[in-house]
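Below are the chains, spelled out letter by letter.
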Amino acid sequence: MLKNNIRSVKASEIELKEKVVAINRVAKVVKGGRRFSFAAIVVVGDGNGVVGYGLGKANEVTDAIAKGIDDAKKNLVKVPLYHHTVPHAMEGKYSGGFVLVKPAAPGTGVIAGGAMRAVLESAGIKDVLCKSKGSSNPHNVVKATFDALSKMRDPLAVAQQRGVNLQKVFNG
């Protein structure tokens, strides 16, 4: 699982907003014809560095979304933010999905594709440059984005670990 235990957060403590990334209709062929069910991938976040994703499967779309939200609340991670952007560039990988996440200047906005955009906006990142390489499957893109965000290091923690001030971390 991509969940980082050090940064995991309790869902009951915070107000979360949910976004549906993708809904997939799945057909099962049975004796009487086709039976349809739905799979929904959902991202939840508080807009302040806490974000999670979940997958829900059910015979109705609304039930699938509700199950996805419940699953997403169980997989919350804390993402380090620095002036409404990510602290440094990072690549994430999951299966065939590769993503590149880079910090951007204030006012740039979220420059990212559909599935990545939902994750980054839910996390509260306002300025970021992203590129999705490889698979465009929303499941893999979301998980690769979470991989990149979970590998990010907090600038204050890096400064304390190195024994220098915060400006020295960014300016060398």
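Quick notes on the rules
- Residues numbered from 1 in each chain as written.
- Predicted model: local features only at pLDDT ≥ 70, side-chain atom pairs only at ≥ 80, totals over all residues.
- Heavy atoms only, no water.
- Helix = DSSP H or I, 4+ residues; strand = E, 2+ residues; numbered from the N terminus.
- Buried < 20%, exposed > 50% of the residue type's maximum accessible area, 1.4 Å probe, protein only.
- Contact = heavy atoms within 4.5 Å.
- Salt bridge = Lys/Arg side-chain N within 4 Å of Asp/Glu carboxyl O.
- Phe/Tyr/Trp six-rings, centres within 6.5 Å; stacked < 30°, edge-to-face > 60°.
- Lys NZ or Arg CZ within 6 Å of the ring centre and 35° of its normal.
- Pairing = 2+ DSSP bridges.
- Axes fitted to C-alpha atoms, helices over the stretch in contact; angles between N-to-C directions.
- Expected span 1.5 Å × (residues − 1).
- Arc of directions from axis to C-beta.
- UniProt positions renumbered as here; feature names shortened; annotations may be inferred.

### Description of the overall build of the protein
Here is step 1 of the chain: From N to C terminus, the protein includes five helices and eight strands.
Here is step 2 of the chain: Counted from the first residue to the last, the protein has its helices and strands arranged as β-β-β-α-β-β-β-β-α-β-α-α-α.
Here is step 3 of the chain: Its C-alpha atoms give the protein principal-axis dimensions of about 70 × 35 × 30 Å.
Here is step 4 of the chain: Out of the 172 residues belonging to the protein, those deemed buried represent 39%.
Here is step 5 of the chain: Taking the intrachain contacts of the protein between residues at least 6 apart in sequence as the baseline, contacts between residues at least 24 apart amount to 60%.

### Concerning the pattern of salt bridges
Here is step 1 of the chain: All chains considered together, the criterion is met by four salt bridges.
Here is step 2 of the chain: For the salt bridge of Lys19 with Glu121, the shortest nitrogen-to-oxygen distance reads 2.6 Å. Here Glu121 lies in helix α2 (residues 114–123) and Lys19 lies in strand β1 (residues 17–30), a separation of 102 residues in the sequence.

### Details of the packing of aromatic side chains
Here is step 1 of the chain: Using the criterion set out here, one finds one aromatic pair in the structure.
Here is step 2 of the chain: Lying over the aromatic face of Phe36, Arg25 brings its terminal NZ or CZ to 4.2 Å of the ring centre.

### Some remarks on the sheet that holds strand β6 (residues 97–103)
Here is step 1 of the chain: Reading across from one edge, β5-β6-β8-β7 is the order of the four strands in this open sheet, with mixed pairing throughout. Every interior strand has two partners, whereas the edge strands, β5 (90–94) and β7 (110–111), have only one.
Here is step 2 of the chain: Sheet analysis places β6 next to strand β8 (residues 128–134), joined by seven bridges and oriented antiparallel. Counterpart to Leu100 in the pairing with β8 is Lys131.
Here is step 3 of the chain: Across the face of the sheet, α2 comes into contact with β6, β7 and β8 while running at roughly 145° to β8.
Here is step 4 of the chain: Contacts from helix α3 (residues 138–150) reach β5, β6 and β8 within the one sheet, and its direction differs from that of β5 by about 135°.

### Side note on the sheet that holds strand β4 (residues 76–78)
Here is step 1 of the chain: Judged by pairing direction, the sheet is antiparallel, and its four strands sit side by side in the order β1-β2-β3-β4 without closing on themselves. In the strand order of this sheet, the two ends are held by β1 and β4, each with one partner. Taken over all neighbouring pairs, the strand axes of this sheet differ in orientation by 15° on average, direction set aside.
Here is step 2 of the chain: With 13 bridges joining them, β1 and strand β2 (residues 33–45) adopt antiparallel strand pairing. Note on β2: the bridge partner recorded for Ala22 is Ile41.
Here is step 3 of the chain: Against the sheet, α3 engages β1, β2, β3 (50–58) and β4, with an angle of about 155° to β3.

### Quick notes on helix α1 (residues 61–74)
Here is step 1 of the chain: End to end, α1 covers 20 Å across 14 residues, agreeing with the expected 20 Å (1.5 Å per residue, within 8%).
Here is step 2 of the chain: All of the buried residues in α1 are Ala64, Gly68, Ile69 and Ala72. The arc enclosing the buried residues of α1, seen along the axis, measures out at 140°, which places them on a common side. Within α1, the exposed residues directed more than 90 degrees away from the buried face are Thr62 and Lys74.
Here is step 3 of the chain: Those residues of α1 that are buried are in contact with β1, β2, β3 and β4.

### Some points on the UniProt feature "domain: S5 DRBM" (unreviewed entry) in the protein
Here is step 1 of the chain: Those residues carrying the UniProt feature "domain: S5 DRBM" (unreviewed entry) are residues 16–79 in this numbering.
Here is step 2 of the chain: Helix makes up 22% of residues 16–79 and strand 61%, whereas the separation of the span's terminal C-alpha atoms amounts to 15 Å.

### A few points about the pairing of β6
Here is step 1 of the chain: As defined by bridge partners, β5 adjoins β6 across five bridges and the pair is classed as antiparallel. In the sheet register, Tyr94 faces β6, and the bridge partner there is Gly97.
Here is step 2 of the chain: The hairpin turn running from β5 into β6, its antiparallel successor, is two residues long, and Ser95 in that turn takes a positive phi close to 55°.

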